[in-house]
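Analysis of the macromolecular model
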Amino acid sequence: DLKYKLMILPIAACLEKDKIWKNKKSLNKIEYWYWSSVFSGAYRERQNEKCIEDIVKLINWVEGKISNPFENREKNVFQMTEYSDKSTLLRENVDSSIQSTCDEFVKQYVLSKGPKDFLEHNTRVTPWAASNGLEIQDHHLIPLFDCAKVGESTKKLRNDRNHRLNSSLNRTYITKSSNGKIGAKDIKNYMKDVKASANYDHLMPTPIDKRFFRKGEEDNK
C-alpha cells in the first residue's frame, strides 16, 4: 500500500552500506526523512527529480557530511493545505484523491509503532505480524453505524471518502478478531474493554473518558 514507491530508493541506497544499517542514529535519520517527507507532501509532485536529489542529500546527511537538509519538510508536517493540514484531514477541505493518500500514511505511521491490539491485550499489531499471518483490519473508532440515517447503509457511508468518519483521524488498524467483536458497538461501550496503554499506542486522546466524551457523558460510557 506504499503510495510513493520511489521513496524506497533513497532508503535502499543508504541501507546498502553496513555502517549505516548497523547504526541506530543513522536509522533514526532515515526514519525522520521518510515521515517528514510524506506528511509534508514533499513527494506530491516531481517525484523522479525529488528522489534523485534525496538519494544524494540523505546519504550525505546520514554520513555526517552536511547539516540537516530536510528541516523545511519538518516544519511543514501536517501544515500543507489540501493535503495534511487539520481541516483537510477533518474533511473540511474536499479533495478525495489527496485525502486518501495522506490518510493512508497516518494509519501506516500508527501501524509502524506496533500498537497493542484493542481486545487481544497480548498482541501487537505490526506490519511484520500481518505479513506472517496476523489478520488485521481498518477499524473505525466511532462506527459508521452511529451516523447512518434510517434506511441508509453503512456501506454507502464507507464509500464516501469525504465523510468525516472516514478520516484517518477516526481509523486505526486492529486485529480482525477484535474488529469483529466490536462490530457496530458505540465507542463509549467498547472502550471500557480497551487498556489505556493501547489508547496511547494508537495515539488516541487519553484518558479517553476525560478527553473524548462530552461533559455529562462519563456516567453513560
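Preceding block: the structure.
Residues numbered from 1 in each chain as written. Predicted model: local features only at pLDDT ≥ 70, side-chain atom pairs only at ≥ 80, totals over all residues. Heavy atoms only, no water.

**Describing helix α3 (residues 24-40)**
With 17 residues, α3 should cover 24 Å at 1.5 Å per step; its first-to-last C-alpha distance of 24 Å lies within 8% of that length. Within the span of α3, buried status applies to Ser 26, Lys 29, Ile 30, Trp 33, Tyr 34, Trp 35, Ser 36, Ser 37, Val 38, Phe 39 and Ser 40. The N-capping residue of α3, defined by a side-chain oxygen 3.0 Å from the backbone nitrogen of Lys 25, is Asn 23. Among the residues trailing α3, Gly 41 stands out with phi positive, at a value near 75°. (Helix = DSSP H or I, 4+ residues; strand = E, 2+ residues; numbered from the N terminus. Expected span 1.5 Å × (residues − 1). Buried < 20%, exposed > 50% of the residue type's maximum accessible area, 1.4 Å probe, protein only. Polar contact = N/O pair within 3.5 Å; in protein donor to acceptor, adjacent residues only side chain to side chain.)

**What to know about the pairing of strand β2 (residues 171-175)**
The buried fraction of β2 is high, at five of five residues. In this structure, strand β1 (residues 136-140) lies alongside β2, joined through five bridges in antiparallel fashion. Paired with His 140 across the strands is Arg 171, a residue of β2. (Pairing = 2+ DSSP bridges.)

**With respect to the packing of aromatic side chains**
In the structure shown here, the tally under the stated rule is twelve aromatic pairs. Ring plane angle 40° and centroid distance 5.4 Å describe the contact between Tyr 4 and Phe 105, whose orientation is recorded as tilted. Of the two residues, Tyr 4 is situated in the segment before α1 (8-15) and Phe 105 in helix α7 (residues 96-112); the sequence distance between them amounts to 101 residues. On the numbers, 4.8 Å between centres and 80° between planes, the contact of Tyr 34 with Trp 35 is edge-to-face. (Phe/Tyr/Trp six-rings, centres within 6.5 Å; stacked < 30°, edge-to-face > 60°.)

**Brief notes about α1**
Of all the positions in α1, only Pro 10, Ala 13 and Cys 14 are classed as buried. Seen end-on, α1 carries its buried residues on one side only, within an arc spanning 95°. In this fold, the buried residues of α1 make contact with α2 (18-21), α3 and α4 (47-62). (Arc of directions from axis to C-beta. Contact = heavy atoms within 4.5 Å.)

**Focus on the packing of α1 against α3**
Across the interface, α1 lies against α3 with an axial gap of 11 Å and an inter-helix angle of 170°. When the interaxial angle is binned, α1 and α3 end up roughly antiparallel. Residues Pro 10, Ile 11, Cys 14 and Leu 15 of α1 touch α3, and the partners they reach there are Leu 27, Ile 30, Trp 33 and Tyr 34. For the contact of α1 with α3, the per-class residue count stands at eight nonpolar, no polar and no charged. (Axes fitted to C-alpha atoms, helices over the stretch in contact; angles between N-to-C directions. Parallel < 35°, antiparallel > 145°, perpendicular 65-115°, else oblique. Nonpolar A, V, L, I, M, F, W, Y, C, P; charged D, E, K, R; others polar.)

**Some remarks on the side chain of Ser 84**
Relative to the helices and strands, Ser 84 is located in the loop between α5 (71-75) and α6 (86-89). The class for Ser 84 is buried, based on a relative accessible area of 0%. Ignoring anything within four residues of it in the chain, the contact list for Ser 84 reads Phe 39, Asn 76, Phe 78, Gln 79, Leu 89 and Cys 102.

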